[in-house]
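Spelled out from the first residue to the last, the chains are:
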Amino acid sequence: MKNKSLPQFYKNINRLLLISVLVMIACFFTWSENVAITRAIKVVGRMGMLYASYSIYKKIIEAGAVDNLRYHNQFSLVFYLLYLLLGLASFMWSTNVGFSALQWFMTSQTLLFCYFFIKSLYLLDFYFPDHPIRLTNLLGTSSFLLILIFVVGMWVAPDVFFRMTHGGEEARLGGYLMNPNELGMLAGVGIAGLMFDLRRKHAMGWTIFKLLILFYGLMATGSRSSLIGVLLIIVFHVLQSKQKKIAVSVMILLALVAPYAIFEVVLKGGDPERMEEVLSMTGRLPFWSALIQEGLPREPLFGFGFMRIDYNEFFQGRHTYPGKMTHNTFMQVLMNLGFVGFTLVVFQIIFTVKAIMSESKEKMLMLLCICIPIVINSFTEFGIFGESNYGILFYQLIILYVSFKPNKFLSKREKNFIRRKRSAFIQ
């Protein structure tokens, strides 16, 4: 760190944090149809970013910080760890231990990444209070860069970046690289983050451009749940605005645009066949009903094993399609860890929400806005307690963000350590 000024240090750390979270999110995509290549990318990339987050954390300490953070709102993290502990124990009764173990280790590895990532942000906040690094900007910018790849790809290589559905009648952005609904959720998280850059008037022109790309990508995914989530985020921000004239103007604009967007994306233009599909949540309701009536009674207490919903690879109801996952994160927990796991998850969510609501107004607003798209997505896709996906990454960031608080009391040894390290900087 010698011969480097604090501004340069902030710039380097911001770049490293952005790259680490960007690559970590990217490792959830299927970048190649070759299974071996995809697995190599995921393993090397994810483990590499875990090491990167730890290295960033160590760089901040070497710059003049001590890790004396105290745990705060412990129950949110404790119940999440209990959920993982039960998942680990479920290897004993899972009929596919390899799959359960793989999912468990990926979820646990993501938690470790988030642990060092969030600690880095807290150390910066406390020991370098004038730093410009923001979690919302990191999530917003990383989401923008990934969505930008897809937006460019949809014009350059539509066969790769579009997924044809409904017999080829509808093209949705995502291709085989990523489920369109998951990609829409990523756009929603990006918008949630960049809205805070807009609020603090940070690089306004660049921020507006990034938001437009994210909105365009979101509409191209055709994700109904993600669109609803983004509309809620905008309303949430508008209601918090102190500038009433701007708030009223945005609400009027939203009232004009939202009906068209909902009619085209959510209601699919009013097509009677598509309307029936929407009302049944694209066949999910009968599937969930079969899971509860036919599947759950077989293993009601502890489920079928971590991320397993049946003894076989697919659950097949008497009158439903076969499925390997439930398309609902809460139903997923109920099936793979039973009522015991479901109870742990309910309490975990309660304590997390309670922790969020106890934070400062700005921090609470930030965490709630990030929660909106990932929670809505959880009702129809993998979600925050489902098979490994970046929704879990975002939720773990939230859990750990409410689990620490700085310790303002430093020992003489710690003060001397900070003083010695700070002397390496050119003030």
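Look up a bit, the structure's there.
Residues numbered from 1 in each chain as written. Predicted model: local features only at pLDDT ≥ 70, side-chain atom pairs only at ≥ 80, totals over all residues. Heavy atoms only, no water.

Some thoughts on the overall build of the protein
- For the protein, the count of helices and strands is 16 helices and four strands.
- Residues classed as buried in the protein amount to 55% of the 427 residues present.
- A fraction of 76% describes how many contacts in the protein between residues 6 or more apart in sequence connect residues 24 or more apart.
- Only carbon and sulfur atoms are counted for the fraction: they give 68% of the accessible area of the protein, which is about 19700 Å². (Helix = DSSP H or I, 4+ residues; strand = E, 2+ residues; numbered from the N terminus. Buried < 20%, exposed > 50% of the residue type's maximum accessible area, 1.4 Å probe, protein only. Contact = heavy atoms within 4.5 Å. Areas by Shrake-Rupley, 256 points an atom, 1.4 Å probe, with all protein chains shown as cover.)

A few points about the nonpolar core
- Membership of the largest hydrophobic core comes to 116 residues, with the highest contact counts inside it found for Tyr83, Phe117, Phe128, Tyr390 and Phe394.
- Ranked by residue count, the leading element in this core is helix α4 (residues 97-127), at 14 residues.
- In this structure, Phe128 is in contact with Leu6, Phe9, Tyr10, Ile60, Ala63, Gly64, Ala65, Leu123 and Arg422, ignoring residues within four places of it in sequence.
- Grouped together as the second largest cluster of nonpolar side chains are eleven residues, Leu291, Leu296, Phe304 and Leu334 included. (Core = buried A, V, L, I, M, F, W, Y, C linked by side-chain atoms within 4.5 Å.)

Some points on helix α13 (residues 329-357)
- Its 29 residues give α13 an end-to-end C-alpha distance of only 23 Å, which falls more than 12% under 42 Å, the value for a rise of 1.5 Å per residue.
- Of all the bends in α13, the greatest, near 130°, is centred on Leu337.
- The N-capping residue of α13, defined by a side-chain oxygen 2.9 Å from the backbone nitrogen of Phe330, is Asn328. (Expected span 1.5 Å × (residues − 1). Bend = angle between axes of the 7 residues up to and from the residue. Polar contact = N/O pair within 3.5 Å; in protein donor to acceptor, adjacent residues only side chain to side chain.)

Details of the pattern of salt bridges
- Under the criterion given, the structure shown has nine salt bridges.
- The closest approach of N and O atoms between Lys119 and Asp67, which form a salt bridge, is 2.7 Å. Placement of Lys119 in helix α4 and of Asp67 in the loop between α2 (35-62) and β1 (70-71) is noted, with a sequence separation of 52 residues between them.
- Its relative accessible area of 28% is what places Asp67 among the partly exposed residues.
- Two residues, Asp197 and Arg200, come together in a salt bridge whose shortest N-O distance is 2.9 Å.
- The class for Asp197 is buried, based on a relative accessible area of 0%.
- With a relative accessible area of 36%, Arg200 lands in the partly exposed category. (Salt bridge = Lys/Arg side-chain N within 4 Å of Asp/Glu carboxyl O.)

Concerning a nonpolar patch on the surface
- A grouping of Phe75, Val78, Leu82, Leu85 and Leu88 is seen on the molecular surface, where their side chains present a nonpolar patch of about 430 Å² in accessible area.
- With respect to the helices and strands, Leu88 occurs in helix α3 (residues 74-89). (Patch = residues over 30% accessible without salt bridge, like charges linked within 9 Å, V, L, I, M, F, W, Y side chains within 5 Å.)

A few points about the packing of aromatic side chains
- Tallying each qualifying case throughout the model produces 37 aromatic pairs.
- Consider the rings of Tyr83 and Phe385, whose centres lie 5.1 Å apart with planes at 85°: the pair is edge-to-face. Residue Tyr83 is found in helix α3, and its partner Phe385 is found in the loop between α14 (361-378) and α15 (390-401); the two are separated by 302 residues along the sequence. With respect to burial, Tyr83 and Phe385 carry one shared label: buried.
- Ring pairing ties together the aromatic residues Tyr54, Tyr57, Tyr71, Tyr115, Phe116, Tyr122, Tyr401 and Phe404, which thus form one cluster.
- One Lys or Arg, Lys324, reaches over the ring of Phe99 and ends 4.7 Å from the middle of that ring.
- Above the face of the Phe128 ring, Arg422 is positioned so that its terminal group lies 4.2 Å from the ring centre. (Phe/Tyr/Trp six-rings, centres within 6.5 Å; stacked < 30°, edge-to-face > 60°. Lys NZ or Arg CZ within 6 Å of the ring centre and 35° of its normal.)

A closer look at the packing of helix α7 (residues 180-199) against α15
- Packing of α7 against α15 brings their axes to within 10 Å, and their N-to-C directions diverge by 30°. Compared by their axis directions, α7 and α15 come out roughly parallel. For the pair α7 and α15, contact is made by Glu182, Leu183, Met185, Leu186 and Val189 and by Tyr390, Gly391 and Phe394, respectively.
- Class assignment of the residues belonging to the contact of α7 with α15 gives a composition of six nonpolar, one polar and one charged. (Axes fitted to C-alpha atoms, helices over the stretch in contact; angles between N-to-C directions. Parallel < 35°, antiparallel > 145°, perpendicular 65-115°, else oblique. Nonpolar A, V, L, I, M, F, W, Y, C, P; charged D, E, K, R; others polar.)

Focus: the side chain of Asn181
- Here Asn181 is to be found in helix α7.
- By relative accessible area, which is 11% here, Asn181 ends up buried.
- Side-chain polar atoms of Asn181 contact the side chain of Arg172, separated by 2.7 Å.

Things to note about the environment of Asn416
- As for its position among the elements, Asn416 is in helix α16 (residues 412-422).
- Residues Asn416 and Gly64, 352 residues apart in the sequence, show an inter-C-alpha distance of 9.8 Å.

What to know about the environment of Ser108
- Its location among the elements puts Ser108 in helix α4.
- On the basis of relative accessible area, Ser108 is assigned to the buried category, the value being 14%.
- In the structure, Ser108 is positioned 288 residues away from Gln396 in sequence and 10.0 Å away in space, judged by C-alpha atoms.

Overview of unusual backbone geometry
- Of note, Lys201 is a non-glycine position whose phi angle comes to about 55°, a positive value.
- Its location among the elements puts Lys201 in the loop between α7 and α8 (204-221).
- With a relative accessible area of 59%, Lys201 lands in the exposed category.
- Phi is positive for Met307, which is not a glycine, with a value near 65°.
- In this structure, Met307 sits in the loop between α12 (284-295) and α13.
- In this structure Met307 comes out as buried when scored by relative accessible area, which is 1%.

Section: α15
- With twelve residues, α15 ought to run about 16 Å at 1.5 Å a step, and its terminal C-alpha atoms sit 16 Å apart, in line with that.
- Of all the residues in α15, the buried ones are Tyr390, Gly391, Ile392, Leu393, Phe394, Tyr395, Gln396, Leu397, Ile398, Ile399, Leu400 and Tyr401.
- For α15, the side-chain oxygen to backbone nitrogen distance between the N-cap and Gly391 is 2.7 Å, and the N-cap itself is Asn389.

So, the packing of helix α1 (residues 6-26) against α2
- Interhelical geometry of α1 versus α2 gives an angle of 160° and a closest axis separation of 9 Å. Considered as vectors, α1 and α2 are oriented roughly antiparallel to each other. Seen along the crossing, α1 lies across α2 with a hand that is left-handed. Listed contacts from α2 to Phe9, Ile13, Leu16, Leu17, Ile19, Ser20, Val23 and Met24 of α1 are Arg46, Met49, Ala52, Ile56, Lys59 and Ile60.
- For the contact of α1 with α2, the class distribution of residues is eleven nonpolar, one polar and two charged. (Left-handed = near helix turned anticlockwise from the far one by under 90°.)

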